[in-house]
Amino acid sequence: MEVSVIANRERDLFINEQIRANEVMVIGPNGEQLGVKPIKDALTLASYAGFDLVLISPNANPKVCKIMDYNKFKYESKKKQKENMKKQRENNLEMKEYRLSVAIDVHDFDTRVRNASKYLEKGHRVKATIRFRGREMAHPELGREVLLRFADTLSDIAELEQKPKMDGRFMSIILAPKKEK
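First things first, this report covers the structure right here in the doc. These figures come from a predicted structure and were not determined experimentally.

Our focus in this paragraph is the packing of aromatic side chains. The geometry of two aromatic rings is summed up by the distance between their centres and the angle between their planes. The final tally for this structure, using the stated rule, is two aromatic pairs. Ring centres 6.0 Å apart and planes at 80° place the aromatic pair Phe109 and Phe150 in the edge-to-face group. With Phe109 in helix H3 (residues 106-121) and Phe150 in helix H4 (residues 140-153), this residue pair connects regions lying 41 residues apart in the sequence. For Lys96, the ring lying beneath its charged end belongs to Tyr119, and the centroid distance is 5.8 Å. For Arg149, the ring lying beneath its charged end belongs to Phe109, and the centroid distance is 4.2 Å.

Structure below.
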């Protein structure tokens, strides 16, 4: 039966007595190299300094350990990870498309506005599109009015990111949630 030490979940770093090596290269708390030392001497140095001995490079020969405050290191790495996730979420916002028509009924319009406002409140962007059919192509100003009315109705929670733009038989606008101050 083989017994193995389970590493900490934070990048599988071994600390203090978990390190299984005879000699290690020791790096001080300020980044200075203290040289190759037996593991007991390295642990003694770390405890005198009031820090932990953390194995940072297990594949090197000799293994490299650093004297640092491990809990502070974990805290800062979690903080960095949260910040990266936040930036990633900001970049990966979804866009929902709502189809309108030139002759849209009041209740249909209100329903789409209500659904779009819920989506905008979650922080996502909204694209409103009108498809012109048949003779509606002769009057694109009617579609522009509907899109601008849609944007105006949502103006308290959204700002116009892209003005009405014609693309073939389609005209669309993009609304983004207002930035909180």
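Taken in spatial order, the four strands make up an open sheet running S2-S1-S4-S3, and their pairing is mixed. Both outer strands of the open sheet, strand S2 (33-38) and strand S3 (52-57), are each paired with one neighbouring strand and no more. Each strand of the sheet is rotated relative to its neighbour by a mean of 35°, with strand direction disregarded. Bridging between strand S1 (residues 23-27) and strand S4 (residues 63-68) involves four bridges; their strand directions are parallel. Counted as the bridge partner of Ile27 is Lys66 from S4. Contacts between helix H1 (residues 39-49) and the sheet are confined to S1, S2, S3 and S4, with S2 contributing the most and set at about 130° to the helix.

This paragraph deals with the sheet that holds strand S5 (residues 95-100). A sheet is described by the order of its strands in space; here four strands give the open sequence S5-S6-S8-S7, paired in mixed fashion. Edge positions in the sheet fall to S5 and strand S7 (158-167), since each has one partner strand and no second. Within the sheet, the average angular offset between the axes of one strand and its neighbour, ignoring direction, is 20°. As paired elements, S5 and strand S6 (residues 125-131) share six bridges and run parallel to each other. Paired with Tyr98 across the two strands is Ala128, which belongs to S6. Of the strands in this sheet, S5, S6, S7 and strand S8 (170-177) are in contact with H3, which crosses S5 at around 170°. This element, H4, spans S5, S6, S7 and S8 of the sheet and lies at about 15° to S8.

Definitions and limits used
Residues numbered from 1 in each chain as written. Predicted model: local features only at pLDDT ≥ 70, side-chain atom pairs only at ≥ 80, totals over all residues. Heavy atoms only, no water. Phe/Tyr/Trp six-rings, centres within 6.5 Å; stacked < 30°, edge-to-face > 60°. Helix = DSSP H or I, 4+ residues; strand = E, 2+ residues; numbered from the N terminus. Lys NZ or Arg CZ within 6 Å of the ring centre and 35° of its normal. Pairing = 2+ DSSP bridges. Axes fitted to C-alpha atoms, helices over the stretch in contact; angles between N-to-C directions. Contact = heavy atoms within 4.5 Å.

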